[in-house]
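Structural features, examined
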Amino acid sequence: MIERDVIILGAGPAGLAAAAELARHNVGKIAVLDREPVAGGIPRHCGHLGFGWNEFRRVMTGPGYARHLVETARGAELKLGVTALRLDAGGVIQTTGAEGAHTWKGRAVLLAMGARETPRSTRLVSGARPWGVMNTGALQQFVYLHGQRPFERPVIIGSELVAFSTLMTLRHVKVRPAAMIEAGPRITARRPGDWIARLAFGVPVLLNTTLLRILGQERVEGVEIDRGNGPERIDCDGVVFTGRFRPENALLTGSHLTIDPGTQGPAIDQFWRCSDPAYFAAGNLLRGIETAGQCWREGAAAGRIIAATLLGKLPPAQTGVPVHAIGALSYVYPQRLVADDPIDPELLFFGRVREATSGDLVVRGDGTIITFRKVDALPERRIPWPVSPKGLQAYKRITVSLEPDA
Ligand SMILES: Cc1cc2nc3c(=O)[nH]c(=O)nc-3n(C[C@H](O)[C@H](O)[C@H](O)COP(=O)(O)OP(=O)(O)OC[C@H]3O[C@@H](n4cnc5c(N)ncnc54)[C@H](O)[C@@H]3O)c2cc1C
């Protein structure tokens, strides 16, 4: 058994920010484990600019940002090429790596394993399995890590912010996509995303368009789409599925930890604590996708909380009052309030909608309205529900709902 005061699982922005914060608080031995041979998480292969401004007041490329994060976390021990296979009660982790199988135990464990895009296999798109179908993450590895250009004229499926990361990646290797396809009536990323796609990248954006089939046997030769008038063909040699993120939760599904059905990540209280209080969680593992900067802030905040826990300064974990998302909200977090202390209301009390919705965001305790306000919500934006937890322990159940305007 390898014992550490804190074990951090995942060396992305969230995990490395937590490591830096914990090292600053001098809480003892900290180990960061990651299955990849290089630390930094997703930004390692986002070769374009756009990272670091909020955290470090510097604009960096993803790899530059990743290196900087590693530098800030040098007070922690970094163990790379180590994959966690199982989480057991009380902060015990089973791992495997080049040095063999090990059991680790942390007084506290931070889960920061990130999120991934939904692959083709679970999107139920018909057609054969030709070469040239991938997610943004795989495309970026081809381009930025291996210097390859996997295709000349792909189509991009989806229009979340990450689709623009795809556009920038393709531009880096001088590839102009045949089209960007969005099933909804508007682009999912914030405006002016559609203008950027059309004007800056010269890519047609097809809204209200469904992907019916991928054509080709060996390689992608085209796609069949429906814009409301029956099947049409677009010639292309690749398909990039973007977005529809979900937490990297394979380890959680086989574990004793409670998973929130809305976020698909671990259910936490307002101290970033999972259902087993030896475990904490931060970053994109909590819920699909946020920017690297937001994940970094969450990791740093969780690091401060873990430091307080180890110093015995945190209220004990208890069942607490459950919080549920209803109506147009697909999820809210934290999913439990265990004390009057709000901790980081600007960082932690969020929800998200499935589709663009305007209406009243209403917080209720056992059916009684505690607070409400008008919101115009888009699926790409987190919706804050900053409510003072003071007095909320008196309720049996809190609900947060978004009630659309009539
Ligand atoms: C394709 C893509 C492009 C993006 N582009 C941008 C952008 O341009 N700008 C921006 O701000 N944000 C961007 N993002 C979002 C942002 O970079 C990520 O959301 C951010 O890296 C999340 O940080 P994280 O620490 O939560 O997780 P990650 O960065 O995903 O790190 C998680 C780490 O956990 C490790 N891990 C997972 N499971 C295990 C296991 N079982 N054992 C050991 N290690 C494990 C992984 O190897 C990984 O290193 C992008 C995201 C994606 C997917």
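Now for a look at the structure at hand. (Residues numbered from 1 in each chain as written. Predicted model: local features only at pLDDT ≥ 70, side-chain atom pairs only at ≥ 80, totals over all residues. Heavy atoms only, no water.)

Re the sheet that holds strand 18 (residues 238-241)
Within the open sheet, the five strands sit side by side as 11-18-12-13-14. Their pairing is parallel. Where the open sheet ends on each side, the last strands, each with one partner, are strand 11 (133-135) and strand 14 (205-206). Pairing of strand 12 (residues 154-157) with strand 13 (residues 179-181), which is carried by three bridges, proceeds in the parallel orientation. Directly across from valine 155, in strand 13, lies its bridge partner alanine 179. Of the strands in this sheet, strand 11 and strand 18 touch helix 4 (residues 136-145), which is tilted by about 95° from strand 11. (Pairing = 2+ DSSP bridges. Helix = DSSP H or I, 4+ residues; strand = E, 2+ residues; numbered from the N terminus. Contact = heavy atoms within 4.5 Å. Axes fitted to C-alpha atoms, helices over the stretch in contact; angles between N-to-C directions.)

Things to note about helix 8 (residues 292-310)
In this model, helix 8 (19 residues) spans 27 Å end to end at C-alpha, consistent with the 27 Å of a helix rising 1.5 Å per residue. Of all 19 residues in helix 8, 16 are buried, a share of seventy percent or more. Positioned one or two residues after helix 8, glycine 312 has a phi angle of 70°, which is positive. (Expected span 1.5 Å × (residues − 1). Buried < 20%, exposed > 50% of the residue type's maximum accessible area, 1.4 Å probe, protein only.)

Quick word on the packing of helix 4 against helix 5 (residues 161-172)
At a closest axis distance of 10 Å, the pairing of helix 4 and helix 5 adopts a crossing angle of 25°. Here helix 5 runs roughly parallel to helix 4, going by the angle between their axes. For the pair helix 4 and helix 5, the crossing hand works out as left-handed. The segment helix 4 lies against helix 5, with Thr136, Leu139, Gln140, Val143 and Tyr144 engaging Val162, Ser165, Thr166, Met168, Thr169, Leu170 and His172. Its residues placed into classes, the contact of helix 4 with helix 5 shows six nonpolar, six polar and no charged. (Parallel < 35°, antiparallel > 145°, perpendicular 65-115°, else oblique. Left-handed = near helix turned anticlockwise from the far one by under 90°. Nonpolar A, V, L, I, M, F, W, Y, C, P; charged D, E, K, R; others polar.)

Comments concerning the packing of aromatic side chains
For the structure shown, the criterion picks out seven aromatic pairs. What links up through ring pairs into an aromatic cluster is the set Phe51, Phe56, Tyr65 and Trp296. A cation sits over an aromatic face here: arginine 382 above phenylalanine 350, 5.2 Å from the ring centre. (Phe/Tyr/Trp six-rings, centres within 6.5 Å; stacked < 30°, edge-to-face > 60°. Lys NZ or Arg CZ within 6 Å of the ring centre and 35° of its normal.)

Overview of the pattern of salt bridges
All chains considered together, the criterion is met by 21 salt bridges. For glutamate 77, the salt bridge identified is with arginine 4, shortest N-O distance 2.7 Å. Taken together, the residues glutamate 77 in strand 5 (residues 77-80) and arginine 4 in strand 1 (residues 2-9) connect sequence positions 73 residues apart. The partner of aspartate 405 in a salt bridge is lysine 374, and the shortest N-O contact between them spans 3.3 Å. Placement of the pair is aspartate 405 in the segment after strand 28 (398-404) and lysine 374 in strand 26 (residues 368-377), with a sequence separation of 31 residues. Owing to a relative accessible area of 55%, lysine 374 belongs among the exposed residues under this scheme. One network of salt bridges, with partners in common, ties together Glu21, Arg24 and Arg304. (Salt bridge = Lys/Arg side-chain N within 4 Å of Asp/Glu carboxyl O.)

A few points about the site of the ligand
Around the ligand, the surrounding shell holds 34 residues, and the nearest of these are Ala14, Asp34, Ile42, His48 and Asn284. Here arginine 35 contributes a backbone N or O atom positioned 3.1 Å from a nitrogen atom of the ligand. Measuring from an oxygen atom of the ligand, one finds a backbone N or O atom of glutamate 290 at 3.2 Å. Considered on its own, the ligand offers 1,000 Å² of accessible surface; in the complex 92% of this is hidden by protein. Counting only elements with at least two residues in the shell around the ligand, the list comes to helix 1 (13-24), strand 6 (82-88), helix 4, helix 5 and helix 8. (Near = heavy atom within 4 Å. Polar contact = N/O pair within 3.5 Å; in protein donor to acceptor, adjacent residues only side chain to side chain. Areas by Shrake-Rupley, 256 points an atom, 1.4 Å probe, with all protein chains shown as cover.)

Examining the packing of helix 1 against helix 8
Helix 8 packs onto helix 1 with a crossing angle of 35° between their chain directions and a minimal axis gap of 7 Å. Crossing of helix 1 against helix 8: the hand is right-handed. For the pair helix 1 and helix 8, the contacting residues are Pro13, Ala14, Ala17, Ala18, Glu21 and Leu22 in the first and Ala292, Cys295, Trp296, Gly299, Ala300, Gly303, Arg304, Ile306 and Ala307 in the second. Taken together, the residues of the contact of helix 1 with helix 8 break down into eleven nonpolar, two polar and two charged.

Examining the pairing of strand 28
Where burial is concerned, most of strand 28 is hidden: five out of the seven residues are buried. Relative to strand 28, strand 21 (residues 321-327) is paired through five bridges, and the arrangement is parallel. Looking across to strand 28, one finds that histidine 324 is bridged to threonine 399. Pairing analysis gives seven bridges linking strand 25 (residues 357-365) to strand 28, with the strands arranged antiparallel. Within the sheet, the bridge partner assigned to aspartate 360 lies in strand 28 and is glutamate 403.

Some thoughts on the pairing of strand 26
As judged from the nine bridges shared by strand 25 and strand 26, these two strands associate in the antiparallel manner. From the neighbouring strand, aspartate 360 faces strand 26, where its bridge partner is lysine 374. Hairpin geometry of strand 25 and strand 26 is characterised by an intervening segment of two residues between the two adjacent antiparallel strands and by a positive phi of about 45° at aspartate 366.

Brief notes about the sheet that holds strand 17 (residues 231-235)
Pairing is mixed across the open sheet formed by four strands, whose spatial order is 10-15-16-17. The open sheet has two edge strands with one neighbour each: strand 10 (126-127) and strand 17. The pairing of strand 15 (residues 210-215) with strand 16 (residues 222-226) spans five bridges and is classified as antiparallel. Residue isoleucine 214 lies in a different strand from strand 16, and its bridge partner there is valine 223.

Focus on unusual backbone geometry
In this model, tyrosine 333 is joined to proline 334 through a cis peptide bond whose omega is 0°. Here proline 334 lies in the loop between strand 22 (329-333) and strand 23 (336-337). Even without a glycine there, the phi angle at lysine 174 is positive, about 60°. Locating lysine 174 in the fold gives a position in the loop between helix 5 and strand 13. For lysine 174, a relative accessible area of 73% gives the class exposed. Backbone geometry at arginine 244 places phi at a positive 50°, although glycine is not the residue there. Its location among the elements puts arginine 244 in the loop between strand 18 and strand 19 (245-247).

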